[in-house]
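# Chains, contacts and geometry: an overview
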Amino acid sequence: MDFVLSYIAIPFGKLLFLIYNTVGLHSYALSLLLFTIAVKLLLLPLSIKQIRSSQKMQEIQPELARIQERFKNDKEKLNEETMKLYQEKKYNPASGCFPLLVQMPILFALFYVIRMPMTFMLDVPKLATGELIVAATESGDTVFKSASETFEKMKKVKFDDVKENPLTIYNDYRQTDPYIEIKIIEYIDQNPDALQTALDSTPDTIKSYYDLIETDPAKRAKLDEGYEADLSLFTKRLSRLEGFNIKMWNFFNFGVVPTISWDAIKTEPMRQIPALLLLLIAVVTTFVSTKLMMPKPDPKAKQNAQQGCATNSMLYMSPLMTLWFGLTTPAGLAFYWTINNVLSFAQQKLLTAHTKKDGGAAPGNQVAAQGKEGGTARDKNGQKRGKNG
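Rules behind the numbers
Residues numbered from 1 in each chain as written. Predicted model: local features only at pLDDT ≥ 70, side-chain atom pairs only at ≥ 80, totals over all residues. Heavy atoms only, no water. Helix = DSSP H or I, 4+ residues; strand = E, 2+ residues; numbered from the N terminus. Buried < 20%, exposed > 50% of the residue type's maximum accessible area, 1.4 Å probe, protein only. Phe/Tyr/Trp six-rings, centres within 6.5 Å; stacked < 30°, edge-to-face > 60°. Lys NZ or Arg CZ within 6 Å of the ring centre and 35° of its normal. Patch = residues over 30% accessible without salt bridge, like charges linked within 9 Å, V, L, I, M, F, W, Y side chains within 5 Å. Areas by Shrake-Rupley, 256 points an atom, 1.4 Å probe, with all protein chains shown as cover. Salt bridge = Lys/Arg side-chain N within 4 Å of Asp/Glu carboxyl O. Polar contact = N/O pair within 3.5 Å; in protein donor to acceptor, adjacent residues only side chain to side chain. Contact = heavy atoms within 4.5 Å. Expected span 1.5 Å × (residues − 1). pLDDT = per-residue confidence, 0-100.

## Comments concerning the environment of N79
Among the secondary structure elements, N79 is positioned in helix α4 (residues 75-89). The exposure class of N79 is partly exposed, given its relative accessible area of 42%. Separated by 12 residues in sequence, N79 and I67 place their C-alpha atoms 9.5 Å apart.

Written out as structure tokens, the structure is:
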């Protein structure tokens, strides 16, 4: 699963970097906002299909309610008549679910992009990331000192014994600390000279790595032939870290995982409170947008208890799932979710109005009348069959 999501994250990371480097004006928050809009546009055909499916369901709802009432004691006949109604109206109950299913891999892929921006967005070489981890740890930084202690405990190896191989350091640290790349970005943000030091030592880093992976003189000579190209690419990508951060207004840190632990909030209030605030906004907008986007029931059509329970479940389960998911992922996802909620609401209102104008189904008296006519015809057919029987 991790392998699949990593590959899905690659194009999203490249898209986010493209936006960041152009219309995003090197602002991570603005880039994430524009990225969300771009994703909504890509999914627009599916959204239109979902809205038309919802409208079709509203259109047949009165007749469906009559069928459920009439055959409530005959489950087999109820299923048969329901499927017949779906076929007559050319309605597929599963068609409205597909856009929701597509959203899930996008959400998980974005989780990878936000958690590992150096890998998926900036495309910084792993070797360079490993060198920065070594430099930060040797500087005595408390965050990386704690990370090295966790690394030594989990990998059962001393940091000093493996620090000469930055690639191994990166791969091992990533396993023991999933948010190590965010910590590196924060370290560079607080210590700008660290990036320049890494850039200055790039030639030695590459040559040392050549020495490490190849001892055969002939094969090493081939590596040296590509040295200039490697150096240019290495330097170019490492330079992307200059001025890069994942904050908004220097207050909201999109890399922080929100928590409801009072001890954690009390220890780092300026770090934890903004992240928790973003999550709460995401939860509230999820509830409000879900409530506003729910189709209004036709007052003339009966709504059975099962439909009412399903509607209420969706209304309350969606924000609860947002809260649960948000407490285990970076705050950047909460920001994405908030923007997505607002855009989804606006998009549905616009598309619904447009499809109605084009002759799509509309709730209200027209739907009730259509349902009534269809139900009357069905009832008459049923009575005729009964007499003939």
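Further notes follow.
## With respect to the packing of aromatic side chains
According to the stated counting rule, one finds 17 aromatic pairs in the structure shown. Arranged with centres 4.7 Å apart and planes meeting at 25 degrees, the rings of F151 and Y173 form a pair that is stacked. With F151 in helix α8 (residues 142-155) and Y173 in helix α10 (residues 166-176), this pair connects stretches of sequence that are 22 residues apart. We classify Y173 as buried; its relative accessible area is 0%. The rings of F17, Y20, Y28, F244, F254 and F335 are connected pair by pair, giving a single aromatic cluster. K207 extends its terminal NZ or CZ atom over the ring of Y227, reaching a point 5.2 Å from the ring centre.

## Overview of a nonpolar patch on the surface
Together, M317, L320, M321, L323 and W324 make up an exposed nonpolar region whose accessible area comes to about 520 Å². Along the chain, L323 turns up in helix α18 (residues 305-326).

## A look at the side chain of T285
Structurally, T285 is set in helix α17 (residues 269-293). At a separation of 3.0 Å, a polar atom in the side chain of T285 contacts the side chain of N341. Setting aside residues up to four positions removed in sequence, T285 forms contacts with T338 and N341.

## Considerations on the environment of I184
Position of I184 relative to the elements: it lies in helix α11 (residues 180-190). For the pair I184 and A136, spaced 48 residues apart in sequence, the C-alpha to C-alpha distance is 7.8 Å. When neighbours within four sequence positions are excluded, I184 is seen to be in contact with M118, T129, L132, I133 and F144.

## Things to note about helix α7 (residues 126-138)
An ideal rise of 1.5 Å per residue puts 18 Å on 13 residues; α7 measures up with 18 Å between its terminal C-alpha atoms. Those residues of α7 not exposed but buried are L127, A128, T129, G130, L132, I133, V134, A136 and T137. Following α7 by one or two positions, G140 has its phi on the positive side, about 90 degrees.

## A look at unusual backbone geometry
Negative phi characterises most residues that are not glycine, and trans characterises most peptide bonds. A positive phi angle, near 55 degrees, is found at K90, a position not held by glycine. Considering the arrangement of structural elements, one finds K90 in the loop between α4 and α5 (98-115).

## Things to note about the pattern of salt bridges
On inspection of all chains with the given rule, the structure shows 15 salt bridges. Between E69 and K72 there is a salt bridge, with its nearest N and O atoms 3.3 Å apart. For K72, a relative accessible area of 55% puts it in the exposed group. Between K84 and E81 there is a salt bridge; the shortest N-O distance is 3.6 Å. Here the residue K84 and the residue E81 both occupy positions in helix α4, the gap between them amounting to three residues, near one helical turn. Taking relative accessible area as the criterion, K84 reaches 29% and is therefore assigned partly exposed. The structure contains a network of salt bridges with shared partners spanning K77, E80, E81 and K84.

## Points about the confidence of the model for the chain
Considering every residue of the chain, the mean pLDDT works out to 84; 85% of them sit at 70 or more. Looking at the elements of the chain, mean pLDDT is at its lowest for helix α20 (residues 365-388), recorded as 45, and at its highest for helix α6 (residues 117-120), recorded as 96. Within the model, the stretch residues 360-389 combines pLDDT values under 50 with 35 contacts to residues more than four positions away or in other chains.

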